[in-house]
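Examining the three-dimensional arrangement
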Amino acid sequence: MYIQVSEDFKRKSKSAVSAIVVFILIYLLMFLFTIALAVGCIIGGIGLIAVKPMFITIMLGAGLAGTGVFVFFFIIKFLFKKHINDRSFLTEIRRSDEPELFKMIDEIVKEAETDFPKKVYLAYDVNASVFYDSSFWSMFYPIKKNLTIGLGLINTSTKQELKAVLSHEFGHFSQRSMKVGSYVYNVNQIIFNLVNDDESYRNSIEKWANMSGYFSIFAALALFITNKIQWVLTKMYSFVNIRHMALSREMEFHADEVAANIAGSLALEESLLRMELAHNSYQNVINFYDAKVSKNQASPNIYKEQFFVMNFLAKQSELETQYGLPYVKLSESGLFNKSKLNIENQWASHPSNEDRIVRLRNLNIIKDNESTPAKNLFRDFEKTEEKLTAKLFSRVKYQKERSELNFETFTTEFEEQYNRDSFDKIFNGYYDNKNPDFTVTENSNDNLSFEELFSKDKVELVYTLLALENDKKTIEAIAKKEIILKTFDYDGKKYNSGEAGKLVPQLNDTISEIKQQIHQNDSDIYTYFLKSSTVLNRKNEFENSYRNFEEYDGKYEDKYILYSELINATSFINEKTQFEQIKKNFTNLKPLETKLKNEILPYLENTQVADDIEEQTLKDLKYYIENELVYFSSDQYITANLQLLITAINILPYFLHRQYFLIKKEFLTVIKDIETIKSVSEPITISTTSNFAP
């Protein structure tokens, strides 16, 4: 298969290659410098010893020669570095294991006109990738790539979608011009090795320095020179890497085109749009079982649970179903992203899904659609799911013998947890990222309906405001040159960085206008529920819940200040501090510690707030509160007691946030109940007014 690369791809390939040429020239200059330095140091060391052979000249001569050798070794150490990928989380499969899957890979390889992978692995997650073990020498001889397929991806795809995703991966290596990317990658790894991966090098110099006080002087000199070389290389790393990332984004578009030609544009588009939901579902299951480690509970099949969670979340979002899988539309994937600011991320290796889908739709390549589940490619997919699940949980350390949670228990507990930790759908997401406006008062508007107050338009106002405020912060940073770039797009219009400041007043006007619209809607909501609760004889319940939420909201920031003060007051623990100062610091900490104990005690007694805290952590916190602990004695820290203090400090933000959520949910439950009762009652003419205002 031959696909003409774009002019953009050619231009960015040339830019990447040019960057490498510049790097090679600079590297050669540094290489020649280190050779000259090494030769000079060795000759100088030998000469020093020859002039007057004695212990001190021998040590100084050897130290001088060692300086040259170490600096030269630094500049060539990447030649001995080989990058070996961690395979412990992978499970190899062979053609004899899954012939149908390998048959699909054969078809892709043939159409893409590339090589069959060296090995095929299954991974746990929702992804697919091609990898290989690389070294400097891999730029000069061919290396066969390995294919990794995430079981979480297979579990949530059709056959055609899986074929599209795998075709994309092979697309990276189907064109000769794509080898530029591989070359850039290897050079990039070399620079990274020289700049960042120098722990073993520094350990070698340290050992050499510890052999003699004479050598320590020359070790410091060698480190000084290599630090200067690293400074140059750091600049080169950015120079090459930015151009590499720009090329990588073009490579993704190119691989998408290969995939579209093999499996069709639509299959890859639908897979891209569902992948985030599939990944979040997988992660939700993992997080669920992370909380079960203390209870020694594991899953017999996380992929069966992933599939349930994916469809459960899709149902909550009212997504359509297609081929037995959630059908995510492009408009739904960016439902809450109202930003009008478009800045190309120079460090991103992948373009956005939106940009990729636009290109796929422009290609509009149609292929026969194999809409059956991708899991049907396996002889016994459930057995494979269980095998990888067992392998995943074998890496977890349990205190006691683990037990497995059956599927029915999982679904029940997950739904209960989801409902406990989320707000009711009746509000259409209006309160997910905002609170009631406690400054509003009752107005005279009698023509109000619940549907209008929480309509899609009103919800979009909230997310538009969030996006505008974030856009404003970014544009202000551009104007102040905190973010360095030449141009950016806003609302479809291109601006240079010097024009950023002119946009801020316009954004302020728009933000003020939307804030006023939201404020008016919040006033209408308050009026609606105040009048409704009055008619239904639930006014006191509404007012008490409203006031309770308002009171905690007003105290939240002050409560959080205690956490900041505690962090500052204990920062000395991680620093070198005089013994007397340590004792004084702990004495000064006592008043704050008393406040901390008084603050967290009520939360420990509240089962709703402390429900998700591990039993041992609760016991530790109670022990901490009930005892006056000593943290420093006999000129050393008492680690066990100090750990209890740190645990108590770090748990405070969680308790504050959890209590805030519960109070907010309690208020929303009250107004939901009011609306539910009102909606099943006969139409009522509301004319009662009230002077109540928060």
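All figures in this text were calculated on a predicted structure; none of them were measured in a lab.

Before going further, it helps to spend a moment on helix H3 (residues 99–112). For H3, which comprises 14 residues, the first-to-last C-alpha distance of 20 Å matches the rise-based estimate of 20 Å (1.5 Å per residue) to within 8%. All of the buried residues in H3 are Leu101, Phe102, Met104, Ile105, Ile108, Val109 and Ala112. Angular distribution of buried residues about the axis of H3 spans 155 degrees; they occupy a single face of the element. On its buried face, H3 sits against strand E2 (91–93), strand E3 (120–123), strand E6 (146–150), helix H5 (159–171) and helix H8 (213–263). Following H3 by one or two positions, Glu113 adopts a phi angle in the positive range, close to 55 degrees.

Put simply, helix H9 (residues 265–290) and helix H12 (residues 353–363) touch, their axes get as near as 9 Å, and they point 165 degrees apart. If you check the angle between H9 and H12, you find them roughly antiparallel. In terms of crossing hand, the pair formed by H9 and H12 is left-handed. On H12, the residues that touch Ser265, Leu268, Glu269, Leu272 and Leu273 of H9 are Asn353, Arg356, Ile357, Leu360, Arg361 and Leu363.

A few words on the environment of Leu101. Structurally, Leu101 is set in helix H3. Residue class for Leu101 comes out buried when judged on its relative accessible area of 0%. Residues Leu101 and Arg395, 294 residues apart in the sequence, show an inter-C-alpha distance of 28 Å. Setting aside chain neighbours within four positions, we find Leu101 in contact with Ile93, Ile149, Leu162, Leu377 and Phe378.

Before going further, it helps to examine a nonpolar patch on the surface. Together, Val17, Val21, Ile24, Leu25 and Leu28 make up a nonpolar patch on the protein surface, roughly 390 Å² of accessible area in all. Tracing the sequence through the fold places Leu25 in helix H1 (residues 7–51).

The final tally for this structure, using the stated rule, is 55 aromatic pairs. For the pair Phe438 and Tyr546, a centre-to-centre distance of 5.4 Å together with 75 degrees between the ring planes defines the contact as edge-to-face. With Phe438 in the loop between helix H14 (407–420) and helix H15 (450–453) and Tyr546 in helix H18 (residues 539–569), this pair connects stretches of sequence that are 108 residues apart. Here Phe438 and Tyr546 have matching classes, each one buried. Three or more aromatic residues joined by ring pairs make a cluster, and in this case those are Phe438, Tyr526, Phe542, Tyr546, Phe549, Tyr552, Tyr556, Tyr560, Tyr563, Tyr660 and Phe667. Across the ring face of Phe407, the terminal group of Lys304 is positioned such that the distance to the ring centre comes to 4.6 Å. Against the face of Phe307 rests Lys375, its NZ or CZ located 4.5 Å from the ring centre.

To continue, consider the pattern of salt bridges. Tallied over the entire structure, the rule returns 30 salt bridges. In this structure, Lys590 engages Glu593 in a salt bridge whose closest nitrogen and oxygen atoms are separated by 3.7 Å. One end of the pair, Lys590, and the other, Glu593, are both in helix H19 (residues 579–604), 3 residues apart, so they sit about a helical turn from each other. On the accessibility criterion, Lys590 (33% relative accessible area) is partly exposed. A cluster of three or more residues bridged by salt bridges with shared partners is formed by Asp8, Arg11, Lys12 and Glu250.

Turning to a negative patch on the surface, a few remarks are in order. A contiguous patch of negative charge on the surface is contributed by Asp380, Glu382, Glu386 and Glu404. Tracing the backbone through its elements, the reader meets Glu382 in helix H13 (residues 381–393).

On to the sheet that holds strand E13 (residues 493–496), then. With antiparallel pairing, the 3 strands of this open sheet are ordered in space as E10-E12-E13. Two strands close off the open sheet at either side, each with one partner strand: strand E10 (341–342) and E13. Of the strand pairs in this sheet, strand E12 (residues 487–490) and E13 are connected by 4 bridges, and their pairing is antiparallel. Considered in E13, the bridge of Phe488 is made with Tyr495. The sheet strands contacting helix H16 (residues 456–479) are E10 and E12, and the helix crosses E12 at an angle near 160 degrees.

Here we come to unusual backbone geometry. A negative phi holds for most residues other than glycine; trans holds for most peptide bonds. Of note in the backbone geometry, Glu113 takes a positive phi value of approximately 55 degrees without being a glycine. If you trace the backbone, Glu113 turns up in the loop between H3 and E3. Accessibility expressed as a relative area gives 56% for Glu113, which makes it exposed. Its identity is not glycine, yet Asn428 carries a phi of approximately 60 degrees, on the positive side. With respect to the element layout, Asn428 can be found in the loop between H14 and H15.

Within a regular strand, the side chains alternate between the two sheet faces. Along E3, one buried face is formed by Val120 and Leu122 and the opposite face, lined by Tyr121 and Ala123, is buried too. As defined by bridge partners, E2 adjoins E3 across 3 bridges and the pair is classed as antiparallel. In the sheet register, Thr91 faces E3, and the bridge partner there is Leu122.

Calculation criteria
- Residues numbered from 1 in each chain as written.
- Predicted model: local features only at pLDDT ≥ 70, side-chain atom pairs only at ≥ 80, totals over all residues.
- Heavy atoms only, no water.
- Helix = DSSP H or I, 4+ residues; strand = E, 2+ residues; numbered from the N terminus.
- Expected span 1.5 Å × (residues − 1).
- Buried < 20%, exposed > 50% of the residue type's maximum accessible area, 1.4 Å probe, protein only.
- Arc of directions from axis to C-beta.
- Contact = heavy atoms within 4.5 Å.
- Axes fitted to C-alpha atoms, helices over the stretch in contact; angles between N-to-C directions.
- Parallel < 35°, antiparallel > 145°, perpendicular 65-115°, else oblique.
- Left-handed = near helix turned anticlockwise from the far one by under 90°.
- Patch = residues over 30% accessible without salt bridge, like charges linked within 9 Å, V, L, I, M, F, W, Y side chains within 5 Å.
- Areas by Shrake-Rupley, 256 points an atom, 1.4 Å probe, with all protein chains shown as cover.
- Salt bridge = Lys/Arg side-chain N within 4 Å of Asp/Glu carboxyl O.
- Phe/Tyr/Trp six-rings, centres within 6.5 Å; stacked < 30°, edge-to-face > 60°.
- Lys NZ or Arg CZ within 6 Å of the ring centre and 35° of its normal.
- Lys, Arg positive; Asp, Glu negative; His and termini not counted.
- Charge placed at Lys NZ, Arg CZ, Asp CG, Glu CD.
- Pairing = 2+ DSSP bridges.

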